[in-house]
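Below, each chain spelled out in residue letters.
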Amino acid sequence: MPAAEHVRLGRKRTLPPCPNPLFLQWLSELRDQAAEKGQKTQYVYQKAISSLKKYPLPLQNAREAKILQNFGDGICKILDEKLQRHYRENGPDAPIHSLPSGVTVAPSRRSNNNLAQPTKQPSRKEREGGRRKREYVPQKRSGGYAVLLTLYRESQVPGGNGFMFKLELQAEAQHLSDKSFSVPDLGSKYTAWSSVSTLIQKDLVLKTHNPARYSLTELGLALAERLEDGEREQEEDRSSDVREEEEEGNGPGVDLTAEEDERKKRTEPKAGPDPAAYVAQRGSEVPGVHSSEKPQAAETMTRPARSCLYPGSYDIVLCVDFIETTGGSTACKQELVKELQRNGVTFDVRKLNVGDFLWVAKERVAPVSGQLRAPPSRELVLDYIIERKRMDDLCGSIIDGRFREQKFRLKRCGLQKPIYLVEECGSAAAHLSLPETTLQQAIVNTQVVDGFFVKRVQDVKESVAYLTVMTRYLSKLYQNRTLVCRSRELEGDGQNEEECGGREREDPSCSLISFAEFNQGAVKNKCQTVREVFARQLMQISGLSGDKAVAILEHYSTLHSLLKAYEQCPSDTEREKLLSSIRYGKLKRNLGPALSRTVYQLYCTKGALLYCHHYSETGSRPATDGVTPAVPRRWSQPLARAATAGVGPHPWHR
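Residues numbered from 1 in each chain as written. Predicted model: local features only at pLDDT ≥ 70, side-chain atom pairs only at ≥ 80, totals over all residues. Heavy atoms only, no water.

A. Spotlight on the overall build of the chain. For the chain, the helix and strand inventory stands at 24 helices and 16 strands. Taking all 654 residues of the chain together, the buried fraction comes to 37%. Of the contacts formed within the chain by residues at least 6 apart in sequence, a portion of 66% connects residues at least 24 apart. Accessible area of the chain: about 40100 Å², with a carbon and sulfur share of 50%. (Helix = DSSP H or I, 4+ residues; strand = E, 2+ residues; numbered from the N terminus. Buried < 20%, exposed > 50% of the residue type's maximum accessible area, 1.4 Å probe, protein only. Contact = heavy atoms within 4.5 Å. Areas by Shrake-Rupley, 256 points an atom, 1.4 Å probe, with all protein chains shown as cover.)

B. Region of interest: the nonpolar core. In this structure, Trp359, Leu474, Tyr478 and Leu483 are the most contacted members of the largest nonpolar core, which totals 29 residues. Within the residue set of this core, elements represented by two or more residues are β7 (314–321), α12 (330–342), β9 (357–363), β10 (379–390), β11 (417–423), α16 (460–477) and β14 (509–513). With seven residues, α16 is the single largest residue contributor to this core. If we ignore the near neighbours within four places in the chain, the residues touching Leu474 are Ile316, Trp359, Leu382 and Tyr384. (Core = buried A, V, L, I, M, F, W, Y, C linked by side-chain atoms within 4.5 Å.)

C. Looking closely at the pairing of β11. Counting buried positions along β11 gives six out of seven residues, so the element sits mostly inside the fold. Pairing of β10 with β11, which is carried by seven bridges, proceeds in the parallel orientation. By the bridge assignment, Lys389 is partnered in β11 with Val422. One ladder, built from five bridges, connects β11 with strand β12 (residues 453–457); its direction is parallel. Counted as the bridge partner of Glu423 is Val457 from β12. (Pairing = 2+ DSSP bridges.)

D. Up close: the side chain of Glu324. Locating Glu324 in the fold gives a position in the loop between β7 and α12. What makes Glu324 buried here is its relative accessible area of 9%. Here Arg388 takes part through its side chain, which lies 2.7 Å from a polar atom of the side chain of Glu324. In contact with Glu324, other than residues within four places in its own chain, are Lys333, Asp356, Phe357 and Arg388. (Polar contact = N/O pair within 3.5 Å; in protein donor to acceptor, adjacent residues only side chain to side chain.)

E. Structural context of the pattern of salt bridges. By the definition in use, this model includes 24 salt bridges. Arg350 is the salt-bridge partner of Asp348, the closest N and O atoms lying 2.6 Å from each other. Here Asp348 falls in the partly exposed class, since its relative accessible area comes to 26%. Owing to a relative accessible area of 14%, Arg350 belongs among the buried residues under this scheme. Lys389 is the salt-bridge partner of Asp393, the closest N and O atoms lying 3.6 Å from each other. Residue classification places Lys389 among the buried residues on the basis of a relative accessible area of 1%. (Salt bridge = Lys/Arg side-chain N within 4 Å of Asp/Glu carboxyl O.)

The following block contains the structure:
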């Protein structure tokens, strides 16, 4: 055997310099100017710089840069103007592929490689040391100030998680900020939450996981501790000033306001229990907090109570997806709205990322004098969600694969009682692409196998009647309940279904998620984890349902772990049977050797995948007995994996 080729070890090869340094310099100047003004266009310029650095050919003018990514009409126009000015100042024959004298090439502030961007020579002050860079400290009562203080107080809670989710962080930081975290000011599109990106860039706040978890870095912890000390000193100064004023005012005299204050106390209605006061009273029950300590210490060490909606402070509102009222058969969809109005149902049309109908408990908010709009009300989603299906829509969703995906997303949306509302549409089912027996079998499987409640109706009027009855039933069911807002991601934060819907008590409470968190978590094209992508890949295989994919993920959470398990098997026979004994579903059945062999062939076959299948008796389509690989013939392995990731259509539909 020939000797093994010598492997050369060393650093990475340095990349060649950019052939368009003048354009690179102008873009860098534009980016730095935008960064100084705090404009978000700095990120657009940075993306254009990255694209320009990767382009290996010289550009004669800015119009040629339109073929590059992140170069639009605006950037090209600015570069053309600068190029014309360059020609006027230096002559029509001035070089544009080299830098003028007095300008050097310095490394980019956002890149670790040697591909550099042009900067001016440092001034004398900078060479001598210059001015020290000032530390970033957020302004008092700003969004960044509130976020740092809230995360610091959360980190000081004994036994706390050390991190907070977005909605939880916004709710608890709002009282520390003068600006709203959800509603922008008039004439602006930025809220107090916009400052979180600056905290992340300054390495003060760490953002991890999906959904995002926010926590303090070491630098952020030190800065937040200083802010907390300053806040405590101001509180002490304020309290001492109040005591001095009270001592000065204790001299002889008559208090003319005492009688008026007493009359106000007698006439003011009693409010419901205050969660914050409840936490303050029970501060001694929190580990590390004793009743002898100061109230400020107890408030700092305890987590703020979760927001609640008390009986009589909210209304049950039906939320209708805007797709159900616009587009398609306009007359039919307008009939749905008119029937709801005729029945006196309180409903709101909005965008729902999953489902067609659901119910929210909407807080009653009184308008504030002097303000154009009433403050935003809190909304908690009840545990009922409806997916409406006409027979023709059901047929189309089965053919293109949406039906299984919708059921999968409904199961994961966080609501415990999903409902399928099926409209029979009379004899129209006899003229669809699929036989009526196939559609009926799909409906039965949805109820028996998937565990959904299925309600069959004949037309739109019966659908509206069912929505009306459900709205009145839920209004009566929740009229005496205290609704507690919880985060969907916090483990053990919820209560069981019986407490929320089954047992009748004098003052029951329900733990529900907010509408904003529900709708954000149900986004269809949101960023996915490796585990979720692997699950979607598996579910593209013919015969591999969601329950089977979940069972595989319990043993092998990622594709990497599955491939490592295949490598540890001594023979191909054992690799083919690796997944056969995994149990799935309520009946705990085995996946079987056929499906296990299909998964093995998909991920471990080298080269092109040959497609061999058994035909049914009619010879019209492959038999779905699960013994054949779900990959089309003559597909290469990378292309097959792209198909299983959901990029291409299902093999049977090609």
